[in-house]
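Per-entry structural report
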Amino acid sequence: MVDKLTSIIARTILEYTASANRALQKALKDLQSSFLTDLSAYLSSSESVLLESFILHFLRVLYDSQGKCVSKAVFLMIESIVREEKGRPQLSAESLMDLYASLGKGSDSPSLFEDILSQLHHKSNASSASKAFVALVGRLNSQATIPKPSLDIWCNPLEVFIAGTDGRQLADLYILPSLFKTTGEKCYYTVIERWGVRRDPDITHLEFCDQTELQLSCLKVGKELGYIIGIFPYQVKM
Amino acid sequence: MLIVSEERGDDRECVVLRAEAIRSLLVHAEPNMMLSALAVLVASGASTTKIASSVYNTVKDALHDLHEICDGDLRNQFMKIMKDVFQRVLSSSYIANRSRSRLVAFLGSDKTKYTKEDEEAIARHSTTMDAAYEFTSYYVDFLTSLLQPGSPHSSCVTAIDMIMLLCSAGLDREIFDPAESKRVVSTRRVVPDILNGNTVQWPFQISLATATIRQLLLENLFNPYEDIRKKVFHFLQVARPFSRLEYSEILQILERDLNRVSQSGRESDVDGFSKLVVIFCIYSGEKKLALPLSSQMPLPDCNSTHGISTWLLNLLKQEISSLHPGARDLRRSRNLILGTLSALA
């Protein structure tokens, strides 16, 4: 009975979010958030399957989309389930990724990051999808004990996405600023070095390469976040 | 591979991007690359952070290439970056001016009591303001040069947009004061507001309605490109740089441009003349001024906008009545009638 109710609520949210006006969208978002909070209370108990079942309704929509535009509710769900919130336990990023991978058939193991990024090509979903991506990366980074593998998990799909059509512009607009703000200075330096920005105290010129535009985008974000500074006599980083 | 230099501050590592290091990218053949480099150069976490003189100089060197970007989307990107630049120029110079004034007020007028640190602080604030003024002044002159007849379409469009932007920021409050924008632009927000609702005012003023700029704007009202004519028309409607014009000057302009229409008969000239008449109608209507009599084209006893339209109608009647199969200058009359009708429409 509860399982059926879960299914109805998930389908209602998914179906109506896309066509809803602002007020209804907000109401559906609140419903989703409250329902997740209530279900999360069962996480430690044997009934945690209810939460997984609810989440799977949304993840399946993304998995089945094959790159087509999906309901915004999917990303709102991902963002709120991984976001740290007082008073309710969250689902770990790894658990969410495992849950998504379980949707794959046979040897096919879908990547949650890749599929979220593919939705950035749809203008209506770009903002929500990017928020879900950043929330997931932020959660992953806060949980990961070994930084390198966790970096590969999200950085590899991001690199593939950036290399694709309009990828750099979309990443520049929707992903990079909030991503580097969330992941912090240390991660920023690791990523820009991975993308070819070399730090050298003796060299004061820039060299060109295929990735120069991406590197410049990263440097711009770095300057805006205060990770990189201009050379002013009095502008010393505190 | 892109390289940034790393320096060590007093107590911790910091990564520094030198303005000089990015200079080569600002003259790159790809406009995308140029804009990305410019964005990096002027990016800052806070709009009140002062812009270093090396950055000003680097931007100045690249201005010519940046204003020749033809692609519309990229031009919009460039405008956005320049908007951020002037937001910083405005905010940093405002802060510098305020800090200097407060310091001087606190220390008093007796300069012999100033410590070395006080003098250095005052000098630093003055340098920030001077650099901001020098750059803005240079940029306005540069934009003026882009309005010259024969300038490429892209340069001209960007120059008009940038003048509008600076105008909307209140750089010349005599022709557009953002604080009074609601009064001037009654029903809709016509000019993008650089200040985003902020009431910060420039610590210095630079005229955007000099005789040269006015002359060049009027010339561009007859530009062969329709979008340029529309932009200039829009700007002249909103900013009113002609509020300082004397009556005799208005008349001279009207007569000169009517002659231009009658001689060329080009569509762009006819369109330009009609726009010019609309602008002067708005202006004379606001000021409640009557146009003086002209020796060549007698005006009726007229007041404000009604006066201009009456003048045009009389002109039209006069031209039509002079038309007959044996008239010597039929082409001139045709153009004149066309221009007058268009202005009346």
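Remember, predicted model here, so these are calculated numbers, not experimental data. (Residues numbered from 1 in each chain as written. Chains lettered and ligands numbered in written order. Predicted model: local features only at pLDDT ≥ 70, side-chain atom pairs only at ≥ 80, totals over all residues. Heavy atoms only, no water.)

**Details of the overall build of chain B**
Assigned secondary structure in chain B consists of 13 helices and 2 strands. Counting over 345 residues, chain B shows a buried share of 52%. Of the roughly 16,300 Å² that chain B leaves accessible, carbon and sulfur atoms contribute 50%. (Helix = DSSP H or I, 4+ residues; strand = E, 2+ residues; numbered from the N terminus. Buried < 20%, exposed > 50% of the residue type's maximum accessible area, 1.4 Å probe, protein only. Areas by Shrake-Rupley, 256 points an atom, 1.4 Å probe, with all protein chains shown as cover.)

**Examining the nonpolar core**
Among the nonpolar cores identified, the biggest contains 159 residues, and A:Phe133 and A:Trp154 are the most heavily contacted of them. Filtering out sequence-adjacent residues up to four positions away, A:Trp154 remains in contact with A:Phe113, A:Phe133, A:Val137, A:Leu140, A:Asn141, A:Leu179, A:Cys187 and A:Val191. (Core = buried A, V, L, I, M, F, W, Y, C linked by side-chain atoms within 4.5 Å. Contact = heavy atoms within 4.5 Å.)

**What to know about the packing of aromatic side chains**
All names here are of chain B. Throughout the structure, instances matching the rule amount to 13 aromatic pairs over all chains. Ring geometry for Phe 135 versus Tyr 139: centroids 6.3 Å apart, planes at 10°, classification stacked. Of this pair, Phe 135 and Tyr 139 both sit in helix 5 (residues 116-146), 4 residues apart, which is roughly one turn of the helix. On the basis of relative accessible area, Phe 135 is assigned to the buried category, the value being 0%. Their ring planes at 25° and their centres at 6.3 Å tell us that Tyr 139 and Phe 142 sit as a pair that is stacked. Of this pair, Tyr 139 and Phe 142 both sit in helix 5, 3 residues apart, which is roughly one turn of the helix. Comparing Tyr 139 with Phe 142 shows no difference in burial state: the two are buried. Ring pairs connect the aromatic residues Tyr 56, Phe 86, Phe 135, Tyr 139 and Phe 142, which therefore count as one cluster. Between the NZ or CZ atom of Lys 60 and the centre of the ring of Tyr 138, over which it lies, the distance is 4.9 Å. Above the face of the Phe 233 ring, Lys 275 is positioned so that its terminal group lies 5.5 Å from the ring centre. (Phe/Tyr/Trp six-rings, centres within 6.5 Å; stacked < 30°, edge-to-face > 60°. Lys NZ or Arg CZ within 6 Å of the ring centre and 35° of its normal.)

**Digging into the packing of helix 6 (residues 153-168) of chain B against helix 9 (residues 226-239) of chain B**
Residues and elements named next belong to chain B. Orientation of helix 6 relative to helix 9, taken along the N-to-C sense of each, is 15°, at an axis distance of 10 Å. Relative to helix 9, the element helix 6 lies roughly parallel. Read as a crossing pair, helix 6 and helix 9 show a hand that is left-handed. Between helix 6, through His 153, Cys 156, Val 157, Ile 160, Asp 161, Ile 163, Met 164 and Cys 167, and helix 9, the contact on the second element is made entirely by Asp 227, Ile 228, Lys 231, Val 232, His 234, Phe 235 and Ala 239. Grouping the constituent residues of the contact of helix 6 with helix 9 by class yields 10 nonpolar, 2 polar and 3 charged. (Axes fitted to C-alpha atoms, helices over the stretch in contact; angles between N-to-C directions. Parallel < 35°, antiparallel > 145°, perpendicular 65-115°, else oblique. Left-handed = near helix turned anticlockwise from the far one by under 90°. Nonpolar A, V, L, I, M, F, W, Y, C, P; charged D, E, K, R; others polar.)

**Brief notes about the side chain of B:Ser93**
All names here are of chain B. One can find Ser 93 in helix 4 (residues 72-107). Within the structure, Ser 93 has its side chain in polar contact with the backbone oxygen of Leu 90 (distance 3.1 Å). Dropping the residues within four chain positions of it, Ser 93 is found in contact with Arg 88, Met 129, Ala 132, Pro 203 and Phe 204. (Polar contact = N/O pair within 3.5 Å; in protein donor to acceptor, adjacent residues only side chain to side chain.)

**Focus on helix 10 (residues 185-194) of chain A**
Along helix 10 of chain A, the residues that are buried comprise A:Cys187, A:Tyr188, A:Tyr189, A:Val191 and A:Ile192. Looking at the residues trailing helix 10 of chain A, positive phi occurs at A:Gly196, about 100°.

**Details of helix 4 of chain B**
All names here are of chain B. For helix 4, with 36 residues, the first-to-last C-alpha span of 52 Å sits near the 52 Å given by 1.5 Å per residue. Capping of helix 4 at its N-terminal end is provided by Asp 71; its side-chain oxygen lies 3.0 Å from the backbone amide nitrogen of Asp 73. Just downstream of helix 4, Gly 108 is the residue with a positive phi angle, here 90°. (Expected span 1.5 Å × (residues − 1).)

**Points about the packing of helix 2 (residues 31-42) of chain B against helix 4 of chain B**
All names here are of chain B. Axis separation between helix 2 and helix 4 bottoms out at 10 Å; the angle between their running directions is 15°. With respect to their mutual orientation, helix 2 and helix 4 come out roughly parallel. When you trace helix 2 past helix 4, the crossing you get is left-handed. Counting all contacts with helix 2, which are made through Pro 31, Asn 32, Leu 35, Leu 38, Ala 39 and Val 42, the residues of helix 4 involved are Leu 74, Gln 77, Phe 78, Ile 81, Met 82, Val 85 and Arg 88. Per-class residue counts for the contact of helix 2 with helix 4 are 10 nonpolar, 2 polar and 1 charged.

**Re the environment of A:Ser95**
Tracing the backbone through its elements, the reader meets A:Ser95 in helix 5 (residues 93-101). Placed 41 residues apart in sequence, A:Ser95 and A:Leu136 show a C-alpha to C-alpha distance of 11 Å.

**So, the pattern of salt bridges**
Residue and element names in this part refer to chain A. The tally for this structure, following the rule as stated, stands at 12 salt bridges over all chains. Between Asp 152 and Arg 194 there is a salt bridge; the shortest N-O distance is 2.8 Å. One end of the pair, Asp 152, is in helix 8 (residues 147-163); the other, Arg 194, is in helix 10, and 42 residues separate them in sequence. Residue Asp 152 is classed as partly exposed on the basis of its relative accessible area of 24%. Taking the shortest distance from any N to any O, the salt bridge between Arg 194 and Glu 159 comes out at 2.6 Å. Taken together, the residues span a long stretch of sequence, with Arg 194 in helix 10 and Glu 159 in helix 8 at a distance of 35 residues. For Arg 194, a relative accessible area of 28% translates into the label partly exposed. Through salt bridges with shared partners, a single ionic network connects Asp 152, Glu 159 and Arg 194. (Salt bridge = Lys/Arg side-chain N within 4 Å of Asp/Glu carboxyl O.)

**Regarding the confidence of the model for chain B**
Residue and element names in this part refer to chain B. Mean pLDDT over chain B stands at 76; residues scoring 70 or higher make up 70%. Taken element by element, the predicted model of chain B shows its lowest mean pLDDT in helix 7 (residues 181-184) (48) and its highest in helix 5 (92). The low-confidence segment residues 182-195, where pLDDT is below 50, has 26 contacts with residues more than four positions distant or belonging to other chains. Taken as a whole, residues 288-304 scores under 50 in pLDDT and shows 38 contacts with residues more than four places along the chain or in a different chain. Complex prediction metrics read pTM 0.77 and ipTM 0.73. (pLDDT = per-residue confidence, 0-100.)

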